[in-house]
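Chain residues, written in single-letter form:
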Amino acid sequence: MTNVSTANRTAPNQASPTLLAVEGIGIRFGGLKAVDGFSINLPRRGLYGLIGPNGAGKTTVFNLLTGVYQTQAGRIFLDSRNLVGLKAHQVVAAGIARTFQNIRLFPGLNVLDNVQLAGQLHAREGLASTLLRTRRYAHEESEIRRKAFELLGLFGLQERCLEPATSLSYGHQRHLEIVRALAANPKVLLLDEPAAGLNSQEKLELAKSIRHIRDTFDLAILLIEHDMGLVMDICEQITVLDHGEVIAHGTPHEIQNDPKVIAAYLGADAATV
Amino acid sequence: MRKPNPDTPFDSPTPPRERGLLGTLANSAWPILLGIALAAALHYFWPLGPGWLYYKKVVLDVGIAIILAVSLNIVNGMTGQFSLGHAAFLAIGGYTSGIVTYYGSILLWKSTDLHGGVLGPGAWLFVFACLLGALVATAAGYVVGLPSLRLRGDYLAIVTLGFGEILRVVLQQTNPILSPDQLDSSSLKNWLPPPVGGAVGFNGLPTYTTLFWVYVFVALMLVVAFRLKRSSLGRAMISVREDEFAAQAMGVHVARVKVMAFMIAAFFAGLAGGLFAHESGLILRPLDAGFLRSLDYVIMTVLGGRGSISGVVLAATLLTVLPEYLRDFDQYRLIVYSLLLIGMMLLRPQGLFGIHEIWDWRPRWFTRKPQTRSPSNEKRGAA
Ligand SMILES: Nc1ncnc2c1ncn2[C@@H]1O[C@H](COP(=O)(O)OP(=O)(O)OP(=O)(O)O)[C@@H](O)[C@H]1O
Ligand SMILES: [Mg+2]
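Residues numbered from 1 in each chain as written. Chains lettered and ligands numbered in written order. Predicted model: local features only at pLDDT ≥ 70, side-chain atom pairs only at ≥ 80, totals over all residues. Heavy atoms only, no water.

Novice: So what's going on with the overall build of chain A? Residues and values would help.
Specialist: A count of helices and strands for chain A gives ten helices and ten strands. A buried classification covers 54% of the 273 residues belonging to chain A. Across chain A, every contact between residues at least 6 apart in sequence was considered, and the portion connecting residues at least 24 apart equals 67%. Of the roughly 10800 Å² of accessible surface on chain A, 51% is carried by carbon and sulfur atoms. Put simply, chain A has 27 plus and 27 minus side-chain charges, and the middle of one group is 7 Å from the middle of the other. (Helix = DSSP H or I, 4+ residues; strand = E, 2+ residues; numbered from the N terminus. Buried < 20%, exposed > 50% of the residue type's maximum accessible area, 1.4 Å probe, protein only. Contact = heavy atoms within 4.5 Å. Areas by Shrake-Rupley, 256 points an atom, 1.4 Å probe, with all protein chains shown as cover. Lys, Arg positive; Asp, Glu negative; His and termini not counted. Charge placed at Lys NZ, Arg CZ, Asp CG, Glu CD.)

Novice: Would you mind going over the pattern of salt bridges in detail, with residue names and values included?
Specialist: Tallied over the full model, the rule gives 25 salt bridges over all chains. A salt bridge links E177 of chain A to R180 of chain A, with the nearest nitrogen and oxygen atoms 3.5 Å apart. Taken together, the positions of E177 of chain A and R180 of chain A, both in helix α6 (residues 170–183) and three residues apart, correspond to about one turn of that helix. The buried category is assigned to E177 of chain A, whose relative accessible area is 2%. E165 of chain B is the salt-bridge partner of R168 of chain B, the closest N and O atoms lying 2.8 Å from each other. You can see R168 of chain B and its partner E165 of chain B sitting in helix α6 (residues 153–172), three residues apart, about one turn around the helix. (Salt bridge = Lys/Arg side-chain N within 4 Å of Asp/Glu carboxyl O.)

Novice: Talk me through the coordination of the magnesium ion (ligand 2); I want residue IDs and the actual numbers.
Specialist: Residues and elements named next belong to chain A. In the first shell of the magnesium ion (ligand 2), the protein supplies T59 (OG1) and Q101 (OE1), at 1.9 to 2.1 Å from the metal. Here Q101 lies in the loop between β6 (96–98) and α3 (111–119) and T59 lies in helix α1 (residues 58–65), a separation of 42 residues in the sequence. We classify T59 as partly exposed; its relative accessible area is 26%. Residue classification places Q101 among the partly exposed positions, given a relative accessible area of 31%. (Donors = N, O, S within 2.8 Å, 3.2 Å for Na, K, Ca; no water.)

Novice: Pulling in residues and values, what's your account of the side chain of T138 of chain B?
Specialist: Residue and element names in this part refer to chain B. Note that T138 resides in helix α5 (residues 121–145). Within the structure, the side chain of T138 is placed 2.6 Å from the backbone oxygen of A134, a separation counted as a polar contact. With residues up to four places along the chain from it excluded, the contact list for T138 reads M263, A266 and F267. (Polar contact = N/O pair within 3.5 Å; in protein donor to acceptor, adjacent residues only side chain to side chain.)

Novice: I'd like to hear about the side chain of R133 of chain A, residue by residue, with values.
Specialist: You can see R133 of chain A is positioned in the loop between α4 (127–132) and α5 (135–152). The buried charged residue R133 of chain A lacks any salt bridge, with E141 of chain A as its nearest oppositely charged partner at 6.1 Å.

Novice: Now, about the sheet that holds strand β7 (residues 188–192) of chain A: what can you tell me, with residues and values included?
Specialist: All names here are of chain A. Overall, mixed pairing links the six strands, which are arranged β6-β7-β8-β3-β9-β10 in an open sheet. The sheet is open, and its two edges are formed by β6 and β10 (245–250), each paired on a single side. For this sheet, the mean angle separating the axes of adjacent strands, direction not counted, is 20°. The sheet contact formed by strand β9 (residues 237–242) and β10 spans five bridges and is antiparallel. Bridging from a neighbouring strand, D242 pairs with E245 of β10. Contacts between α6 and the sheet are confined to β6 and β7, with β7 contributing the most and set at about 160° to the helix. In the packing of helix α7 (residues 200–217) onto the sheet, the strands contacted are β3 (47–51), β7 and β8 (220–224), and the crossing angle to β8 comes to about 155°. (Pairing = 2+ DSSP bridges. Axes fitted to C-alpha atoms, helices over the stretch in contact; angles between N-to-C directions.)

If you want it as C-alpha cells, here you go:
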C-alpha cells in the first residue's frame, strides 16, 4: 500500500507526453450512434474539457473509457497499456477514476467509508487475515483510513467524516464524489459535470480546487461541464461533441470562435454560449 | 505535496511487524477464547433437573437460529442479495455430518451410541463431521452464488428458492437408513442414492449437540460477522448492496464479493446444520431444506435489520422463544410471519435496527455532536 501514495508515484515519463491515448472509439445503442470515432490525447497533467449539447454522448464517452460499456471499435491506451476489454473494476485499478453526473454515493456508508471503499482498491490482505485480524491487516486498514481522512481535508469534510454520505449538502456531495475518485489513486480523473447545481461562488471555488488537485496529485483531468465560463477558464484544450461525433478540438479561444461549435449550440442550447 | 494534518486524530501508524502464528493468535484470538469460556460456563453451570431440560432445548434452538440468521444476514442484509434458500445449506451440512457421525460411529464403535463426554472421541468425530458438512455447504454456496452475478432481486430469490426445493425433493428419494446389522450385508444398491432415510428423515443420529458446542460456534459466527462488517470486504459488500454500478466504478470486484458472501454464509449454515442434525428430540427431514424453513431465517433478518448483527441476534432469539410460549402458534405461524413481513416492509423496511447495532442507539438528547467525534474512537464492535 505504501508505494501507491500520491506523492511518490513515478516521475513523468518525458519520452511519451501522452498519458491517455484514445483512438476512434464508439458504441451504438440499437440504431443510435451514441458515440462514433471519438479520439483524444490527454497528456500528463493535462486539464482538458469535453463539451457538447445535451445528449451529445459525453457521459457515454466516460462509460466507454471506464469499461462500463465495451467500445465496438478503436483503441484506448493508458501509459501504453491497452484498456480495451477490461472490466470496470479493472480499469479503475489501471488508473482511471471517475465521478458521476447524477451523484452516486453509497447512502449506507458514512463519508469516510465512502472514501475508504475506493482507497482499498489496491489492498492485498485476503479473507483469512481479515478474519484473523493480523497485524499486517490492521496496518493496511489504518493506512487506507488515514489516507482517506487526509483526502477529505481537500474540501474541509474531515469534521463530517462519520456522518452518512447522503446527509451532506448537495455541494459537499459533489465534493465527496471527487474525493472518492481521488482515493482510488488514479492517473486520469474523469469529472462528469462536477459544477452542476452549484452556485457561482461554489463554482469559483471548485475551479480552484480542480486546478489544485491536478497540481498536487500530478494527474490528468478530463472534465465534462455545461458551464462555459468554468470550462473556458480552466481547460487547456477542449473537445466538442455533437450527436456522438467530435466536431471541434482546440484551445478555449479557438472553440469559442468555431462556427461549427456555435451552430451546434445555437441549434440546441443557445443560452449557454 | 500536502502535509499531514497535525490535528489528525489518528495514532501514527506502526510499521507492520511480522508476527508468528502464536503472536497472531494471542492478539486476535481473545474474542473467540472468551466465547469458548462463556460456552463452557453455560454448559457446566446449567442446572440439572427435569424442568431445566426443557429450557436447555430452547437455548440450544436459539443458538442454532442465531448462527443461521446471522449468516443469512451476510448475504441478504450486508450484500443485498435476496436469498430464499438458506435452509438448503443447513440441510447439506446436516445430512453430510449425519452420514459421517452415524456410519462413522458404527464403523469405529459398532454402535451409534454417544462415545465419550463433551471433549471425548465421539465429540471430536462430531465436530469434524460438522466442519466437513460446512465445507460441502460452502461448495454449494459457490454454485448458488453464481446466478447472483447475472440475476437480481426477485429472480435471484426464485433461483435460490428453487435450489432448496429441488434439494428437498432429491432428499426424499434417498435410501432407507442402514442399521449396524444391515451395514455389513449392504451392497452398492443401498448406497446409491445414499442411505439417509428418504422422506422419513435421518433419524437415529447420535445426539452430540451440546450447549458447549452450539455456543462455541455461535461465538465463532459472531466474531466473523463483526470482523467482516468492519473490514474492507464488509465495506465492499455494503457498497454492492447500495449501488452495484458505482461499486464497480470504485474498483470493487462485484462478482467476487457476491460469491464470497454466499460462501461464507453457506459455511456457517452448514455448521449450524450439523448442530441441528445432532440435537436430541429433532429429526433431520427433507422438509428442513425447503422454503418454509428458509422463510423462518429470512423473517429474522428482515426483522433484525439489513446488516445489524445484534438486531438479527435479538430477532432470532425472540422468534425462537416466543413460539414456545404461544400455544398452537405453529398453526398460525405462516399467517403471523406473512403479516409481520408485510408490516415490516410497509412500516420499517430497513428492519428494527436498520444497519445500526443495538448499542449505536441512544436517546437523541444523549448523543454528542458528531463534530466532536473522531474516527479513532469509532473502533467499536468486537475487535
Ligand atoms: N445504455 C443506453 N442505452 C440506450 N441509449 C443510451 C444509453 N446510454 C446513453 N444512451 C443515449 O446516448 C445518447 C448520449 O447520451 P449521454 O448520456 O452520453 O449524453 P450526454 O452528452 O452525457 O448528455 P447530458 O449533457 O444530458 O449529460 C443519448 O441519446 C442517450 O439517450
Ligand atoms: Mg451526461
